[in-house]
Amino acid sequence: MNRVIFSAVVASALALAGCDKPDTGANQTVPAAAETDLRGASIGGPFTLTDQDGKPRSWADFKGQYRIVYFGYTYCPDVCPLDLQRVAQGLKLFEKKDVKRAARVQPIFISVDPERDTPATLKTYVAAFHPRLVGLTGTPDQIAAVAKQFVTVYSKEQQKSATDYLVSHTRTPALFDPNGAPLIMLPIDDNTTPQAEGTPQQIADALDRWVK
């Protein structure tokens, strides 16, 4: 996703907060340079979608857990599998460091391609990354509503046939607290800086800072 669009989405999300940035005193966690502070932003909200087992899952089902939410689609040829792989590897590194705290982190993948991403398709896909990764899909209207709540932009890029298309979307792996409030945007590598960003270790370090 174009960095300008990505930055604009994050900026608009923060603007929606309608308040000053939270206090970053001694008792507050301070985001690292590669992280984007989302505290106080209007991101997220209640929803009910369908998981990879065909069962309804709601945002409230994850109450009490930290949540990593990533929007993408299974036919994505490049960025989605790379981002998900790094997030999953980062979570596994964190699991090795602190099993108890890592168990409080629930990774969630929400499809922006509900026409092709059936529960059966999601089931095979998410299993390839992490055993606890939950895949969610729904009707086009449901996905559009959830994407809006989570300040995610996506659009279909038609190719040669009706079934051959790509979906352009924002790359926004966000971490939410146990009450569903946004904390940070986890680091991702958008190839705009010479420094490596969004590595599994950076993601593990971010989780270590924020998950209590």
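Residues numbered from 1 in each chain as written. Predicted model: local features only at pLDDT ≥ 70, side-chain atom pairs only at ≥ 80, totals over all residues. Heavy atoms only, no water.

Trainee: Whenever I open this one, the overall build of the chain confuses me. Can you help?
Mentor: The helix and strand tally for the chain stands at 6 helices and 10 strands. The long-range share in the chain, meaning contacts at least 24 apart out of those at least 6 apart in sequence, stands at 72%. Surface accessibility of the chain: about 10,200 Å² in total, with carbon and sulfur atoms responsible for 55%. (Helix = DSSP H or I, 4+ residues; strand = E, 2+ residues; numbered from the N terminus. Contact = heavy atoms within 4.5 Å. Areas by Shrake-Rupley, 256 points an atom, 1.4 Å probe, with all protein chains shown as cover.)

Trainee: Explain unusual backbone geometry here, please?
Mentor: Excluding glycine, residues mostly have negative phi values, and the peptide bonds linking residues are mostly trans. Even without being glycine, Val151 reaches a positive phi, approximately 50 degrees. Relative to the elements of secondary structure, Val151 occurs in the loop between α5 (140–149) and β7 (154–161). Accessibility expressed as a relative area gives 15% for Val151, which makes it buried. (Buried < 20%, exposed > 50% of the residue type's maximum accessible area, 1.4 Å probe, protein only.)

Trainee: For this particular structure, what's the right way to read the sheet that holds strand β3 (residues 56–58)?
Mentor: To summarise the sheet geometry, strands pair through backbone hydrogen bonds and adopt either a parallel or an antiparallel arrangement. The strand order across the open sheet formed by 8 strands is β1-β10-β9-β4-β5-β6-β2-β3, and the pairing between neighbours is mixed. Because the sheet does not close on itself, it has two edges, and the strands there are β1 (36–37) and β3. The pairing of strand β2 (residues 48–51) with strand β6 (residues 134–137) spans 2 bridges and is classified as antiparallel. From the neighbouring strand, Thr50 faces β6, where its bridge partner is Thr137. (Pairing = 2+ DSSP bridges.)

Trainee: Can you help me understand the pairing of β2 in this one?
Mentor: Put simply, side chains in a regular strand alternate between the two faces of the sheet. Bridge count between β2 and β3: 3 bridges; the pairing is antiparallel. Residue Leu49 lies in a different strand from β3, and its bridge partner there is Arg57. Adjacent in sequence and paired antiparallel, β2 and β3 are bridged by 4 residues, among which Gly54 carries a positive phi angle near 80 degrees.

Trainee: Mind showing me how you'd approach helix α2 (residues 79–97) here?
Mentor: For an α-helix the count is 3.6 residues per turn, leaving residues at separations of three or four pointing the same way. With 19 residues, α2 should cover 27 Å at 1.5 Å per step; its first-to-last C-alpha distance of 27 Å lies within 8% of that length. Buried within α2 we find Cys80, Asp83, Leu84, Arg86, Val87, Ala88, Gly90, Leu91 and Phe94. In this structure, the buried residues of α2 make contact with β4 (66–72), α3 (99–102), β5 (105–111), α4 (119–127), β8 (164–169) and α6 (200–210). (Expected span 1.5 Å × (residues − 1).)

Trainee: Help me understand the nonpolar core, please; the structure alone is not making it clear to me.
Mentor: Generally speaking, a soluble globular protein has its nonpolar side chains buried in company with each other. Counting 36 residues, the largest nonpolar core has Trp59, Val69, Phe71, Phe109, Ile110 and Phe150 as the members making the most contacts within it. Those elements that provide at least two residues to this core are β4, α2, β5, α4, β6, α5, β8 and β9 (174–176). Beyond its immediate stretch of four places on either side in the chain, Phe109 contacts Tyr70, Gly72, Tyr73, Thr74, Leu84, Leu122, Tyr125, Val126, Leu133, Val134, Gly135 and Leu136. In terms of nonpolar packing, the next biggest core, distinct from the first, is built from 16 residues, Phe94, Ala102, Val105 and Ile203 among them. (Core = buried A, V, L, I, M, F, W, Y, C linked by side-chain atoms within 4.5 Å.)

Trainee: Could you clarify how one ought to interpret the environment of Val112 in this entry?
Mentor: Tracing the sequence through the fold places Val112 in the loop between β5 and α4. Among the residues examined, Val112 registers a relative accessible area of 4% and is labelled buried. Distance in space between the C-alpha atoms of Val112 and Gly138 is 9.3 Å, their sequence separation being 26 residues. Not counting chain neighbours up to four residues away, the residues in contact with Val112 comprise Phe71, Gly72, Tyr73, Ile143, Tyr154, Val167 and His169.

Trainee: Is there a simple way to explain the pattern of salt bridges in this structure?
Mentor: In the structure shown here, the tally under the stated rule is 12 salt bridges. The salt bridge partner of Asp61 is Arg57, with a shortest N-O separation of 3.8 Å. The class of Arg57 is partly exposed, set by a relative accessible area of 23%. For Glu95, the salt bridge is made with Arg132, and the minimal N-O distance between the two is 3.2 Å. Of this pair, Glu95 sits in helix α2 while Arg132 sits in the loop between α4 and β6, and the two are 37 residues apart along the sequence. (Salt bridge = Lys/Arg side-chain N within 4 Å of Asp/Glu carboxyl O.)

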